Each structure stands twice: as C-alpha cells, then as structure tokens.
Amino acid sequence: MSALLATRPRTGAGPRLDVDLGAVADNTRLLAGRATGELMAVVKADGFGHGAVDVARTALAHGATRLGVTSLEEAWPLLDLGVPVLSWLNHVDADWAAATAHGVEVAVPSLQHLAAVAAAAGRTRVHLHVDAGMARDGADPSSWALLCRTARRAEQRGEVDVVGVMGHLGCADRPGDDCNALGRTRFAWALEHARAAGLRPRDRHLAATAATLTDPRTHHTMSRVGAGLVGIDPSGSTVLRPAMRLTAPVISVRRVRAGTPVGYGHAHRTATATHLGLVPVGYADGLPRAASGRAEVLVRGVRRPVVGLVSMDQLVVDLGVRGVDLGETVTVFGPGDAGEPTVAEWAAAAGTIEHEIVTGLGARVERRVRSAAHLRSLS
Ligand SMILES: *Cc1c(COP(=O)(O)O)cnc(C)c1O
C-alpha cells in the first residue's frame, strides 16, 4: 500500500478544470431574484459538467429550493440534500418503486408511464408533463385530457399524488418568437384541463433559464434552471458568471520558419517565423475540432491563435516570436476577466452552444472545485 502511494504519479501536469462555486452562488442569487416562484436547480448531466452534488449544494445555499434531473440514476446521489428531487425523461419500465421509496418525484409524459407508475408499490408524487409545442418530451395535447382524468382516478385510488404539471418551451432563447406565445397558451390550456379533471397540482412550471430571465408570464409557481446556474444565458439578455476555467501546460516549444505546415493535413502554414507551443488537450477532452482555425487561448496575458486542426489529444498554439518556457500555463477558456477566451467564444468558433462544451469535457481533465465563500466558511 505505502509502496503504491509512494510511486503514485503527481497530478497537475496535464489539463485542469477549475470549477468556481462562487460563480454558481452568484448566478443562483440572480436567478432566484428574477423568478417570481420557487427555483429548481437542474443538475442533470453532472451539473452541466460542473459536478452535480457541488452545484446542487451551492444552489440550495443561495436561493434554490428544489432539484431536478433527467433520469432516476441522476437523482440517487442527491437524496441526502434534503429537498424534493424531480426526475423527468425515464423509460416506462424505470424503477418507479425505488423512486417512491426514496421520495423522488417523477414526471409522467404518457398514459403508459402513468400506468407503470401507478402499478408500482407506494404512492408516487408525479408531475404530469405536457408537450408545450416542441414535439419532444411530454404528452401530446390530443392525449392530455385523458391523461389528466386517468391520473385523477389513480390519485383517488391512492396510487399517485399529482403534485405538479410541467411543460418546456422550445424557443425561449429567442424571447420575441411567436413559438413562446404558443407555448404559454398551450400550458395554460393544459392547466385548465388538469383543474377540470379535479387535479390541484401545487407546482406548475414551464420556464427554464431563458424564460426565467426574459418572461415572467412563464414563471407560474416555479422555474427550472440549469444553464443559468453555471453562467450560461441562452437568451443573451443577462450577464451571468461562467463557472469553469480550463488550463493546460505548454509541453513543447519549437522555433519554425515561415511556411511551416502544422498538424494533420497541413491545414495551417505559418505566415512568418514563429514559435509553436504544444498543449496536451484535444477533442477527446471536449474541445471541439470544429473550432480549428478560429479558436484562441491566452498565454502570458495575450491571445494566441490555435493553429492547424485540433487533434484528439493535443493542439498547437502560435506563440509568436518570443515563445514561452516549457510548462507555462495556457488558459483555454475561463470567465474572461483576464482577457482569456470564454466558453461562449469556443462555442461560436465551433458553431455550437456553450452547453455542448461544458457538458463534453473528458475524463482526462483533472477537476478542482473552489467553494463558494459561504461554504468555505462552514468547513
Ligand atoms: C435541461 C432542462 C431544463 C433546464 O434548462 P436550462 O435552459 O438549462 O435552464 C429545464 N427543463 C427541462 C425539461 C430540461 O430538460
């Protein structure tokens, strides 16, 4: 054992992700201030890549009162946090009995799901889920009235408690789009039908981050926010604080002549004599290859272009005439305070959205979590 420990390699020599829970705390407070109802912290996909339990704890300490995830598997690690957890997006044969036994609330998007949940042991707290106009998750409007009536009968038999009705907007990142009015109307219609069936759902929720920030008419009794907690505002209306910083060392530096081809396919040729720095982070670590030729990093306080194609494990940076020392740190992205690129810039360079980058960072990236000040003072 001690021999093993003695030979354990040092960490910190490769790409490193710093997660700033102070940013999550600030974002949560801002969102809680905007929401007219309760705030559910959505921590699916490992808290959008930031660590589900860390993000959940921080959000709950700063204004969120509930937690939301997709699958039941994502709910189990959150059970100790002492607030209701809602899980949506489950297979019809999910372990509903376990959900009930552990007090996890579940979304019901179909009659089949309702039957399976009602058949499981115990009285499950459910949120009926209506498709508010994006033909994705949630019950089709043509089946909604029947779903409500059937759920009411299951409630009267003691099989479920319908504690919520939920929907989701398809175009909330474009606040002016007509699609949002349609979604609001569809949701109001769904609530009327639930009421007419005799249901009295306490939680009525439609808004995610974008609608929470832009349209109080969508707030009802609760907002479900995920992206906003970690500093992503899909509506582009509000300044939030990004919570990730990705750094990596320069592990080799070479001087090259003008016209030197770089990387696979010689996709880049140096325009002048310069120094090329090799950085051990690539698309297997979550940096999009599609950003090749456009992305930048920060080195010694200056933006430098990523040149050639981003490879699986590495990328090359044009360091300019002066070069840098081996082992110097490159900031791939961060909140932007020191001039470094942001996740938003990487996403734009790759033609994607920030969500895809923060949730896609690979297992080789070493993670370090910095507590919110308030959590630090508790420990
Ligand atoms: C992911 C998700 C959310 C959170 O959306 P954000 O835009 O990240 O705040 C809310 N509701 C549902 C159904 C989701 O899948």
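Residues numbered from 1 in each chain as written. Predicted model: local features only at pLDDT ≥ 70, side-chain atom pairs only at ≥ 80, totals over all residues. Heavy atoms only, no water.

Engineer: Whenever I open this one, the pattern of salt bridges confuses me. Can you help?
Structural biologist: A pair can form between side chains of opposite charge whenever their charged atoms are brought close. One pass over the structure, following the stated rule, counts 24 salt bridges. Among the ionic pairs, D177 bridges to R174, the shortest N-O distance being 2.7 Å. Judged by its relative accessible area of 24%, D177 falls in the partly exposed class. Its relative accessible area of 46% is what places R174 among the partly exposed residues. A salt bridge links R300 to E328; its shortest N-O distance comes to 2.5 Å. Here the residue R300 occupies a position in the loop between β15 (296–299) and β16 (302–307), and E328 occupies one in the loop between β17 (315–320) and β18 (329–333), the gap between them amounting to 28 residues. Classification of R300 by relative accessible area gives partly exposed; the value is 45%. (Salt bridge = Lys/Arg side-chain N within 4 Å of Asp/Glu carboxyl O. Buried < 20%, exposed > 50% of the residue type's maximum accessible area, 1.4 Å probe, protein only. Helix = DSSP H or I, 4+ residues; strand = E, 2+ residues; numbered from the N terminus.)

Engineer: Quick question: what am I supposed to make of the domain arrangement of the protein here?
Structural biologist: For an interface, size is often stated in terms of accessible area lost upon the parts coming together. The domain architecture assigned to the protein consists of domain 1 (2–17 + 243–378) and domain 2 (35–230). Each of domain 1 and domain 2 has a C-alpha centre, and the two are 38 Å apart. Of the residues lining the interface, eleven residues belong to domain 1; the matching set on domain 2 comes to ten residues. Buried area between domain 1 and domain 2, both sides added, is near 810 Å², and the carbon and sulfur share of it is 69%. There are zero salt bridges connecting domain 1 and domain 2. On the surface where domain 1 and domain 2 come into contact, there are two residue pairs in polar contact (both at pLDDT 80 or more). Looking at the side of domain 1 that touches domain 2, the elements that each hand over two or more residues are α12 (354–358), β19 (366–370) and α13 (373–378). (Domains from an automatic or database assignment. Contact = heavy atoms within 4.5 Å. Buried area = accessible area lost by both parts, 1.4 Å probe. Polar contact = N/O pair within 3.5 Å; in protein donor to acceptor, adjacent residues only side chain to side chain.)

Engineer: Would you mind going over the site of the ligand with me for this structure?
Structural biologist: Surveying the vicinity of the ligand reveals the residues K44, F48, W88, H168, A208, T209, R224, V225, G226 and A227. Between W88 and the ligand, the recorded distance is 3.2 Å, taken from a side-chain N or O atom to an oxygen atom. At a separation of 2.9 Å, a nitrogen atom of the ligand approaches a polar side-chain atom of R224. Notes on the ligand: free accessible area 380 Å², of which the protein chains cover 89%. Looking at the shell around the ligand, the elements with two or more residues in it are α3 (44–49) and β9 (222–225). (Near = heavy atom within 4 Å. Areas by Shrake-Rupley, 256 points an atom, 1.4 Å probe, with all protein chains shown as cover.)

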